[in-house]
Amino acid sequence: MYLVYLEFIILGIIVGALTGVLGSSGVVAVVPALIIINSELPQNAIGTSLLIDVITSIMVTFVYFRYGRVDIKKGLPMVIGAIIGSQAGVRIAFLIPPEYVKLSFAIFIMAMGIYSLLRKKDIPGTTAKKTINLSPFYVILITIPIGIATGVLGASGGIMFLIIAILILKLDIKTAIGTATFVMTISAASGAIGYIIVGHIVLIAALIIGTISIISGFLFSKLGNKIQPATTYKILGVVFIGIGLVQILA
């Protein structure tokens, strides 16, 4: 039993680090661990991961907000799309095999990882004042599939929201991470509520991992705000590619 608790504590540290530095969901760490080590049903692992993301993202969003790096106005269309998509995703989670969505997600993430590693110029910090290329309506439409992935796979969309914030909303890298985490909080909450309703949550795991991730997320989000944008891009690239490989091999 103590080993299980130790596992949850370690996962909490990892989740906080992923969210605090990169604005990423902890699903990559939590879901495989709960399925492989704890023999939980995939549905239980996904629901638990979403609830943990809610707990972690609240603290990380708060830190980035204090630094003035959460653009609520630009993030609102993503919030709307995420809620619509996540509610739809929860309802179809048990109707279609997630492998197809999972594979597409993995390929796209790996492509973005390569893009981040190769990117040397035009760091978003220098282009934050550019106008939005797409209207809020189209941002909502783009975000809905991410919300569906939230409901189906438990990936609360932090990385995908981050990509939208960088490439479409033209936010600088720090504000993009803060805004993506804010949207991820709402997206994860919407998906978690759906799983709670159908009883697919491991509450003790969510509470322990979530509590530790609050502390870890708070500390790592401060670190994330101090890292140079170019370094953040390199970290993003490595993590994106790693996440893609995990998604394919899992």
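Residues numbered from 1 in each chain as written. Predicted model: local features only at pLDDT ≥ 70, side-chain atom pairs only at ≥ 80, totals over all residues. Heavy atoms only, no water.

**A short note on the packing of aromatic side chains**
Applicable threshold: Classification of ring pairs uses Phe, Tyr and Trp, with its six-membered ring standing for Trp, and accepts pairs whose centres are within 6.5 Å; under 30 degrees between planes counts as stacked, over 60 as edge-to-face, and the remaining range as tilted.
Tallying each qualifying case throughout the model produces one aromatic pair. A ring pair is formed by Phe 137 and Tyr 138, whose centres lie 5.5 Å apart and whose planes are at 75°; its orientation type is edge-to-face.

**Digging into the packing of helix α3 (residues 42-66) against helix α8 (residues 173-197)**
Put simply, the rule reads: Under this scheme, a helix contributes an axis fitted over its contacting stretch, all axes are lines through C-alpha atoms, and angles between N-to-C directions fall in the 0 to 180 degree range. In this description a helix means any DSSP run of H or I spanning at least four residues, a strand means any run of E spanning at least two, and both kinds are numbered starting from the N terminus. For any pair of crossing helices, the crossing counts as left-handed if the nearer helix is rotated counterclockwise from the farther one by less than a right angle, and right-handed if it is rotated clockwise. Working rule for contacts: check all heavy atoms of both residues, and any pair within 4.5 Å makes them a contact.
Running from amino to carboxyl end, α3 crosses α8 at an angle of 145°, the nearest separation of the two axes being 7 Å. In this structure, α3 meets α8 at a crossing whose hand is left-handed. Contact residues: Gln 43, Ile 46, Gly 47, Leu 50, Leu 51, Asp 53, Val 54, Ser 57, Ile 58, Val 60, Thr 61 and Tyr 64 in α3; Lys 174, Ile 177, Gly 178, Thr 181, Phe 182, Met 184, Thr 185, Ala 188, Ala 189, Gly 191, Ala 192 and Tyr 195 in α8.

**Topic: the confidence of the model for the protein**
We apply this condition: Values of pLDDT, the confidence the predictor places in each residue, fall between 0 and 100.
Overall, the prediction assigns the protein a mean pLDDT of 80, with 84% of residues at 70 or greater. Ranking the elements of the protein by mean pLDDT puts helix α5 (residues 99-118) last with 71 and helix α4 (residues 72-92) first with 91. The low-confidence segment residues 121-131, where pLDDT is below 50, has 19 contacts with residues more than four positions distant or belonging to other chains.

**With respect to the packing of α4 against α8**
Short version of the rule: Any angle that is under 35 degrees is reported as roughly parallel, and any over 145 degrees as roughly antiparallel; angles of 65 to 115 degrees are reported as roughly perpendicular and all others as oblique. All amino acids are sorted into three groups, where Ala, Val, Leu, Ile, Met, Phe, Trp, Tyr, Cys and Pro are nonpolar, Asp, Glu, Lys and Arg are charged, and the leftover types, Gly among them, are polar.
Axis separation between α4 and α8 bottoms out at 8 Å; the angle between their running directions is 25°. Considering the angle they form, α4 stands roughly parallel to α8. Where α4 crosses over α8, the handedness of that crossing is right-handed. Taking contact as the criterion, the partners of Ile 72, Gly 75, Met 78, Val 79, Ala 82, Ile 83, Ser 86, Gln 87 and Val 90 in α4 are, on α8, Thr 179, Phe 182, Val 183, Ile 186, Ser 187, Ser 190, Gly 191, Gly 194 and Tyr 195. Looking at the contact of α4 with α8 residue by residue, the class counts come to ten nonpolar, eight polar and no charged.

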